[in-house]
Amino acid sequence: MTTPEPGVRLPEEVAVVNVGLTLFADAVRDQAVPVQQVDWRIPSGGDPEMVEALERLYGERGEAIDRANDEVVRRLDQGVPQLVGCEPAEALLPDVSGRVLLHCGPDLAWADACDPLRRSLRAAAVAEGWAPDVAGADRLLEAGGVALEPAYRHDVVLPMATAIGPTQPLFAVDNPHGGTRAFAPLNQGSGDTAWFGRDTPGAVERLVFLRDVAGPLLREVLEHSGPVDLFALATQGLQMGDDVHLRTQASTNLLIRTLLPHLVALPGDDRVELARFLSGNHLFFLNLAMAAAKAVAVWADQVEGSSVVTMMCRNGTTFGIRLAGSATVHLAPAPPVSDALYYPGHGPEDSAPDIGDSAVLELVGLGAAAAAGSPAVAGFLGGTMAAAAALTRQMQAVCVTQSTRFKLPTWHNAGTPLGVDVRPVVELETTPRVTTGILDATSGAGQVGAGVATAPLGCFRAAVAALARP
């Protein structure tokens, strides 16, 4: 007789780890069995050139790059940018004089400018007195009578479709830790404004008001107040629901509270007009946050051999990035703003591509990196804080570390992701996200919505290829 083999016994509990396709994990989960999904994918989609470049950047050069990255993120994290003054651009920037306009984003010619930026350039030319009206400004710009320069060349950051001339006031923001300085114009406010891609008489009038009234008064206010720690205000703003990009309401209120005693002490009736403008401009802190981010990014730029992005900007035509220690700007077409809410009567068919220098905020731990703490951002992502937290986790996957100052109480009080590294961006094919406004593409209607843009992969692939070259 033969003894029968014992029957096969299955374990009473099965713990499943699924790697790759989620289809298998879903099938296990449908049987009420616990399963852990591992989001694994072929690096860079299996592209041989990118895989080879990544092997070099993670392998033989990985240790040196990691050291450089540690220093870059230290500077981004520990710089203390302070608002110190407000002067006309020509007084702060010796190279900005005569008929020259600074514009947002990478370098471009008039012929390549999108409609909202063209309108802003025309409004700026009229405000400078170079043309009697918008039609005259259009002819002047078309003929090349005004030089166009990207603001980043002067360490200036401009939000949305902003363009400025030599007489427009700029805030000066110093980073004493690194001896660096950056600049941003006064935020123009909502509605009929040039930075929203409008060239109406009202938009020109707002530029004149900023030059002739707001700028001089704010210069006096800052002379009395002394330096203002901008990231200290941003830190408090995060605790109050700001992402300090799409929403800056709390940070703006904190800034106005700081400056209010010095504003009311000024003589004359113009202070009332300025106070009315500030109280109605919930975006006023945006430009200052951008200048603060730029001031520490300029310090980080001095570190060579890094794979961390220290500049990310758009002009509505192209999207550009630059790595610390490099002078090369890598370009890709400006993307649409994909996750968006539109004003009534508007939709994706009306929207211009992503535009502005404000994406610098995502590089220092604000904006999309801080989405997990902002119900306002959640509103553009289906309305749930879980979706906002997922956005922050996406940023975390491509960042070097977490901020030690920007912390989110709704995200276990963890620091926001800091230091976008092009290596995991290209490896995972997961690019940074940017919280932003949306402008009308052709009609000059101004802002038509807001949402979250996804940076194009092409410029990050170009940066990886350049960094990997011997």
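Just so you know, these numbers come straight off a predicted model, no measurement behind them.

K.L.:
Could you give me a rundown of the pattern of salt bridges, with the residues and numbers involved?
P.N.:
If you walk through the whole model with that rule in mind, you get 21 salt bridges. Arg119 is paired through a salt bridge with Asp115; the nearest N and O atoms lie 2.7 Å apart. A residue pair is termed a helical-turn pair when its members lie 3 or 4 positions apart in one helix, as Arg119 and Asp115 do in helix H5 (residues 115-127) at four residues. Between Asp199 and Arg119 there is a salt bridge; the shortest N-O distance is 3.4 Å. Taken together, the residues Asp199 in the loop between strand E8 (180-185) and helix H7 (201-225) and Arg119 in helix H5 connect sequence positions 80 residues apart. Arg119 carries the same exposure label as Asp199, and that label is buried.

K.L.:
Explain the state of the cysteines to me, using residue names and the numbers behind them.
P.N.:
Per the counting criterion, the structure on display carries zero disulfides. Looking at Cys104, it has no disulfide partner, and the nearest cysteine sulfur is the one in Cys114, 7.2 Å off. Judged by relative accessible area, which is 0%, Cys104 ranks as buried. Free of any disulfide, Cys399 has its nearest neighbouring cysteine sulfur in Cys459, separated by 15 Å. Since its relative accessible area comes to 13%, Cys399 is described here as buried.

K.L.:
Any chance you could break down the packing of aromatic side chains for me, citing the residues and the numbers?
P.N.:
Summed over all chains, the structure comprises five aromatic pairs. Measuring from ring centre to ring centre gives 4.4 Å for Trp195 and Phe196, while their planes differ by 20°; the resulting arrangement is stacked. Seen from their ring centres, Phe277 and Phe284 are 6.3 Å apart, and the 90° between their planes marks the pair as edge-to-face. Through a chain of ring-to-ring contacts, the aromatic side chains of Phe171, Phe209, Phe277 and Phe284 assemble into a single cluster. It is Arg405 that lies over the ring of Phe406; its NZ or CZ is 5.6 Å from the centre.

K.L.:
Now, about the sheet that holds strand E4 (residues 100-103): what can you tell me, with residues and values included?
P.N.:
An order of E5-E4-E6 is seen for the three strands of this open sheet, with the pairing classed as mixed. With one partner strand each, in any of the chains shown, strand E5 (147-150) and strand E6 (163-164) form the two edges of the open sheet. Both E4 and E6 contribute to a ladder of two bridges, which runs antiparallel. Considered in E6, the bridge of His103 is made with Ala163. Relative to E4, H5 is tilted by about 145°, and along the sheet it contacts E4, E5 and E6.

K.L.:
Account for the sheet that holds E8, with residues named and values stated.
P.N.:
With antiparallel pairing, four strands are arranged side by side in an open sheet as E8-E7-E3-E9. Every other strand in the sheet has two partners, leaving E8 and strand E9 (228-229) as the edge strands with one partner each. As paired strands, strand E3 (residues 82-88) and strand E7 (residues 169-175) are joined by six bridges and run antiparallel to one another. From the neighbouring strand, Gly85 faces E7, where its bridge partner is Ala172.

K.L.:
Tell me about the packing of H7 against helix H9 (residues 249-264), residues and numbers included.
P.N.:
Where H7 meets H9, the axes come as close as 9 Å, and the angle between the chain directions of the two elements is 105°. Judged by the inter-axis angle, H7 sits roughly perpendicular to H9. Between H7 and H9, the contacting residues are Val221, Leu222, His224 and Ser225 on the first element and Leu259, His262 and Leu263 on the second. Taken together, the residues of the contact of H7 with H9 sort by class into four nonpolar, three polar and no charged.

K.L.:
I'd like a rundown of the environment of Ala125, residues and numbers included.
P.N.:
Mapped onto the fold, Ala125 is located in helix H5. C-alpha separation for the pair Ala125 and Glu90, spaced 35 residues apart in sequence, amounts to 15 Å. With near-sequence residues (within four places) excluded, Ala125 lies in contact with Leu101, Trp130, Ala131 and Ala137.

Reading the values: the criteria
Residues numbered from 1 in each chain as written. Predicted model: local features only at pLDDT ≥ 70, side-chain atom pairs only at ≥ 80, totals over all residues. Heavy atoms only, no water. Salt bridge = Lys/Arg side-chain N within 4 Å of Asp/Glu carboxyl O. Helix = DSSP H or I, 4+ residues; strand = E, 2+ residues; numbered from the N terminus. Buried < 20%, exposed > 50% of the residue type's maximum accessible area, 1.4 Å probe, protein only. Disulfide = S-S within 2.5 Å. Phe/Tyr/Trp six-rings, centres within 6.5 Å; stacked < 30°, edge-to-face > 60°. Lys NZ or Arg CZ within 6 Å of the ring centre and 35° of its normal. Pairing = 2+ DSSP bridges. Contact = heavy atoms within 4.5 Å. Axes fitted to C-alpha atoms, helices over the stretch in contact; angles between N-to-C directions. Parallel < 35°, antiparallel > 145°, perpendicular 65-115°, else oblique. Nonpolar A, V, L, I, M, F, W, Y, C, P; charged D, E, K, R; others polar.

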